[in-house]
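Breakdown of the fold
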Amino acid sequence: MAKLILNRLAKDFGTGRPAVNGFSLDVREGGFLALLGPSGCGKTTVLRMVAGFETPTDGSIHLGERLLADAAQSLPPERRNMAMVFQSYALWPHMSVADNVGYPLKVRGIKGDAYRRKVEEALAAVRLEAYADRRPANLSGGQRQRVALARCLVTSPDVVLLDEPLANLDRHLKQEMEETFREFHQRSGATMIYVTHDQSEAMALATDVAVMSEGKLLQVASPAEIYARPEGRIVGGLIGRGAILSVNCSMEANRQLTWDRIAPLLAGADGPPAEILVRQEDVMIGGEGVPARVVSSLYEGERYAAKLALADSQIVRAFSRTPVSVGESMNVVIRSAWRL
Ligand code: ADP
Ligand code: MG
């Protein structure tokens, strides 16, 4: 195993706009990287180039010292020792769980004890030891997906590529599978790249989050780092729940602001036009704040999630423990904001 290095990777399908453009990223060995971005930004194309299903039009992909692909040559997928888990997973309905999982080994001519041991290990990695003899039809959706995952792992790939594997699942199953992925990553030590457009999924799962937009990498950092210090409005808008306010502010970009600096901005302080990111959890209702009016309120069980219009009619989001109703006026304090 080794570090996966994408260097100025590009893919142009000849549609007038490249799908991936100058994309550079190092994925550390054993890391769990989430590739996050809106639909159509090029995530799947990056993954397909890493897997070998697509050839880059420019740039290169290395696994350690080994060149996997550049514009002139591309190692076929079966020689990369990677596994790709797709959004829709196809299991053989007529085969048992164990036979489904062992299929890639059979194809490689692995038999006997080695075969049995690897299948057992893969089933244990996804906690399906007890289901080895069942048919896929007799499993739940989550269990079937775990079989598909085990089938990918059985060949001990260096890199596991996952393309929005949970996109079609309900919330409950999603949480269960997130746990399975995390556990699998810890057990296997494989390098994983997980494509998603869901920021909460990316934050919950990954050791590193890479945000992309329009074929380019915008920022890569740990979940905590990217949450605390998003670079620019696209990353700021994608990560966490919040709102971006247009203000006039002479402070440099990528800085934390506290209420003593924020209050004058809301009162129309002078300075060059700027944007600040206000996270929902940093907006406090009540106190010596600025006036706001409730424009929507959603009961979430343990709290209300409200949208509030400030005097200049810009919208912030806030949580409230007590009921808030549309049209109500109140004061808000913005405890902290991030100058984008
Ligand atoms: P994502 O996975 O982030 O939703 P994709 O990588 O699937 O994005 O697509 C990025 C862009 O490349 C989109 O505009 C898409 O329409 C285009 N694209 C993807 N695959 C092809 C292809 N085979 N031929 C032409 N255009 C493609
Ligand atoms: Mg995609």
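Residue numbers restart at each chain and count upward from 1, following the sequence in its written direction. Written order decides the labels, with chains lettered from A and ligands numbered from 1. Two thresholds apply to this predicted model, a pLDDT of at least 70 for residue-level local features and 80 or more for giving and counting side-chain atom pairs, whereas whole-chain, interface and lining totals are computed over all residues. Excluding hydrogens and water, the side-chain values take into account all heavy atoms of the structure.

**A word on the overall build of the protein chain**
- The helix and strand labels rest on DSSP assignments: H or I over at least four residues marks a helix, E over at least two residues marks a strand, and numbering proceeds from the N terminus. Counting its regular elements, the protein chain contains 9 helices and 18 strands.
- Principal-axis analysis of the C-alpha atoms gives the protein chain an extent of 75 × 45 × 35 Å.
- Buried means the residue's accessible area, taken with a 1.4 Å probe over protein chains only, is under 20% of the maximum for its type, while exposed means over 50%, and partly exposed covers the values in between. Relative to its full complement of 340 residues, the protein chain shows a buried share of 49%.
- When contacts within the protein chain are restricted to residue pairs at least 6 apart in sequence, long-range pairs at least 24 apart make up 66% of them.
- The Shrake-Rupley method, run with a 1.4 Å probe sphere, supplies the accessible areas, and residue values consider only the shown protein chains as cover. Looking at the protein chain as shown, the accessible area adds up to about 16300 Å², and 48% of this sits on carbon and sulfur atoms. Residue contacts follow a heavy-atom distance rule, with two residues in contact if any of their heavy atoms lie within 4.5 Å.

**With respect to the site of ligand 1**
- Here a residue is considered near a molecule or strand provided that any single heavy atom belonging to it is located within 4 Å of it. Every residue close to ligand 1 is listed here: Phe13, Thr15, Ala19, Pro38, Ser39, Gly40, Cys41, Gly42, Lys43, Thr44 and Thr45.
- Each polar contact in these results corresponds to two N or O atoms within 3.5 Å; when the atoms are within protein, one needs to be able to donate a hydrogen and the other to accept it, and residues that are neighboring in sequence are counted only if both atoms are side-chain atoms. Within the backbone of Gly40, one N or O atom sits 2.6 Å away from an oxygen atom of ligand 1.
- At a separation of 3.2 Å, an oxygen atom of ligand 1 approaches a polar backbone atom of Cys41.
- Computed on the free molecule, ligand 1 has an accessible area of 560 Å², of which 59% lies beneath the protein chains in the complex.

**Let's talk about the side chain of Arg80**
- Secondary-structure assignment places Arg80 in the loop between β5 (66–70) and β6 (82–85).
- If we ignore the near neighbours within four places in the chain, the residues touching Arg80 are Met49, Val50, Ala51, Gly52, Leu68, Ala69, Ser74 and Leu75.

**Overview of unusual backbone geometry**
- A positive phi is found at Asn81, a non-glycine position, where the angle reads about 50°.
- Here Asn81 is to be found in the loop between β5 and β6.
- Overall, Asn81 belongs to the partly exposed group, its relative accessible area being 29%.
- The phi angle at Asn254 is positive, at roughly 60°, despite the residue not being glycine.
- Considering the arrangement of structural elements, one finds Asn254 in the loop between β11 (242–248) and β12 (255–258).
- Classification of Asn254 by relative accessible area gives partly exposed; the value is 35%.

**Focus on helix α5 (residues 171–188)**
- Helices are assigned an expected span. That span is 1.5 Å times one less than the residue count. With 18 residues, α5 should reach 26 Å at 1.5 Å per residue; the first-to-last C-alpha distance of 25 Å fits that figure.
- Those residues of α5 hidden inside the fold are in contact with β3 (32–36), α3 (112–125), α4 (141–153), β7 (159–163), β8 (191–196) and α6 (199–205).
- Here α5 starts with a cap whose side-chain oxygen sits 3.1 Å from the backbone nitrogen of His172, and that cap is Asp170.
- Gly189 sits one or two residues past α5 and shows a positive phi near 70°.

**Points about the nonpolar core**
- The biggest cluster of nonpolar side chains holds 48 residues, and the ones touching the most others in it are Val101 and Phe181.
- Take this core: its biggest share by element is 6 residues, from α4.
- Residues in contact with Phe181, not counting those within four places in the same chain, are Phe32, Leu149, Leu162, Pro165, Leu166, Met192, Tyr194 and Leu205.
- Counting residues in hydrophobic clusters, the runner-up holds 28 residues, among them Leu4, Leu25, Val27 and Ala51. The criterion is simple. A nonpolar core is a set of buried Ala, Val, Leu, Ile, Met, Phe, Trp, Tyr and Cys residues joined through side-chain atoms within 4.5 Å.

**Topic: the layout of surface pockets**
- Reported here for the largest pocket is a volume of approximately 630 Å³.
- Met82, Ala83, Met84, Pro104 and Cys152 are, among the 22 residues lining the largest pocket, the residues nearest its centre.
- Elements with a minimum of two residues in the lining of the largest pocket: β6, α2 (97–107) and α4.
- It is β6 that provides the largest number of residues to the lining of the largest pocket, a total of 4 residues. Detection works on a 1 Å grid of protein atoms alone, calling trapped sets that fit a 1.4 Å probe cavities and calling open sets with protein on both sides within 12 Å along at least five of seven lines pockets, with lining residues defined by an atom within 4 Å of a point. Grid points are joined across faces, edges and corners, and a volume is the space filled by probe spheres set on the points.

**What about the pattern of salt bridges?**
- The term salt bridge refers to a pairing of a side-chain nitrogen on Lys or Arg with a carboxyl oxygen on Asp or Glu at a separation within 4 Å. A complete count under the given rule lists 15 salt bridges for this structure.
- In this structure, the salt-bridge partner of Arg28 is Asp208, at a minimum N-O distance of 3.2 Å. Of the two residues, Arg28 sits in the loop between β2 (20–27) and β3 while Asp208 sits in strand β9 (residues 208–213), which places them 180 residues apart along the sequence.
- The class for Arg28 is partly exposed, based on a relative accessible area of 44%.

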